[in-house]
Amino acid sequence: LSVNDIVAVGPESFYATNDFYFSHLYLKYVELFLGTSWTGVVYYSPGDVRHVATGFYSANGINISKDKKYIYASDLTAHTINVFKRNKDSSLSPVKSVYVDTLVDNPSVDPVTGDIWAGGHPNGYKLNHYNPEDPPGSEVSNNILVCDWLCSYMD
């Protein structure tokens with residue numbers, strides 16, 4: 001597995017995204033070419049390691065809401081940020097998936113407002129085949145979703 005990002009939820013526990021199933025470089029390219037959805041989110045604490053969300057094409061980044069009730073996990077190649085409710089047993093329940101029209105990278109949560117900021121890559125081909133004469137460009141958005149209000153409204 002290939003850990004991309006983690007978010008701590010306690011002194012000895014965290015959630016992590018795995019962006020590839022295989023660790024070998026060539027097999028990673030096979031995953032991308034075939035469009036497999038074998039990645040996801042794992043939960044770790046002493047004595048407990050388990051998959052808590054699966055079916056991602058490339059689980060790329062993860063963060064937690066300001067109120068600690070929700071986990072945001074980005075799926076780079078699906079162009080989504082997925083919102084999960086944290087359950088008492090640390091499992092995750094899907095709330096919604098937001099399409100963001102970019103290869104969305106590691107989300108950040110504003111500690112004051114709870115807004116989500118995420119970097120994105122509008123052109124995956126240019127990103128993977130870098131040409132200094134024609135750089136790929138990147139973008140940052142905070143207009144992805146406002147989940148602190150919306151998710152608490154759904155409780």
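Quick caveat, the model's predicted, so the values are computed rather than measured.

As for the sheet that holds strand 3 (residues 39–45)
- Across the sheet, which stays open at both edges, the four strands sit in the order 1-2-3-4 with antiparallel pairing between neighbours. Edge positions in the sheet fall to strand 1 (2–10) and strand 4 (48–56), since each of these pairs with one other strand and no more. On average, adjacent strands in this sheet sit at an angle of 20 degrees to one another, irrespective of strand direction.
- Pairing analysis gives five bridges linking strand 2 (residues 13–20) to strand 3, with the strands arranged antiparallel. Directly across from F14, in strand 3, lies its bridge partner Y44.

As for the pattern of salt bridges
- Within this structure, the stated rule accounts for one salt bridge.
- With its nearest N and O atoms 3.1 Å apart, the salt bridge here joins R50 to D48.

Observations concerning the pairing of strand 4
- With seven bridges joining them, strand 3 and strand 4 adopt antiparallel strand pairing. Bridged to S45 within strand 4 is D48.
- Hairpin connection, strand 3 to strand 4: the antiparallel pair is bridged by two residues, and G47 has positive phi, about 85 degrees.

Digging into the UniProt feature "glycosylation site" (unreviewed entry) in the chain
- Under the present numbering, the feature "glycosylation site" (unreviewed entry) in UniProt falls on N106.
- Take N106: it is sitting in strand 9 (residues 103–109).
- Among the residues examined, N106 registers a relative accessible area of 32% and is labelled partly exposed.
- Non-local contacts of N106, meaning those with residues more than four positions away in its chain, are made with N4, D5, N60, G61, S74, W117, A118 and G119.

Observations concerning the pairing of strand 9
- Of the strand pairs in this sheet, strand 9 and strand 10 (residues 116–121) are connected by five bridges, and their pairing is antiparallel. Each residue of the ladder has a partner; that of L103, found in strand 10, is H121.
- The loop that links strand 9 with its antiparallel partner strand 10 comprises six residues; one of these, G114, has a positive phi angle of about 85 degrees.

What to know about the nonpolar core
- Of all hydrophobic cores here, the largest spans 14 residues; its most connected members are Y15, V41, F56, I71, F84 and L92.
- Only strand 3, strand 4, strand 5 (59–64) and strand 6 (70–75) provide two or more residues apiece to this core.
- Ranked by size, the runner-up nonpolar core spans 10 residues in total, among them Y70, V98, V100 and A118.

Focus: unusual backbone geometry
- Even without being glycine, H79 reaches a positive phi, approximately 65 degrees.
- Position of H79 among the secondary structure elements: in the loop between strand 6 and strand 7 (80–86).
- The phi angle at S90 is positive, at roughly 70 degrees, despite the residue not being glycine.
- Topologically, S90 is positioned in the loop between strand 7 and strand 8 (92–99).

As for the UniProt feature "binding site: Ca(2+)" (unreviewed entry) in the chain
- As annotated by UniProt and renumbered to match this structure, "binding site: Ca(2+)" (unreviewed entry) occupies N4, D5, N60, D105 and N106. A compact arrangement is adopted by the annotated residues: their sequence extent is 103 residues, whereas the largest C-alpha distance between any two is 10.2 Å.
- Locating D5 in the fold gives a position in strand 1.
- D5 sits in the buried class, given a relative accessible area of 18%.
- Apart from residues no more than four positions distant in its own chain, D5 is found in contact with Y15, A16, T17, N60, G61, I62 and N106.

Thresholds, definitions, all that
- Residues numbered from 1 in each chain as written.
- Predicted model: local features only at pLDDT ≥ 70, side-chain atom pairs only at ≥ 80, totals over all residues.
- Heavy atoms only, no water.
- Pairing = 2+ DSSP bridges.
- Helix = DSSP H or I, 4+ residues; strand = E, 2+ residues; numbered from the N terminus.
- Axes fitted to C-alpha atoms, helices over the stretch in contact; angles between N-to-C directions.
- Salt bridge = Lys/Arg side-chain N within 4 Å of Asp/Glu carboxyl O.
- UniProt positions renumbered as here; feature names shortened; annotations may be inferred.
- Buried < 20%, exposed > 50% of the residue type's maximum accessible area, 1.4 Å probe, protein only.
- Contact = heavy atoms within 4.5 Å.
- Core = buried A, V, L, I, M, F, W, Y, C linked by side-chain atoms within 4.5 Å.

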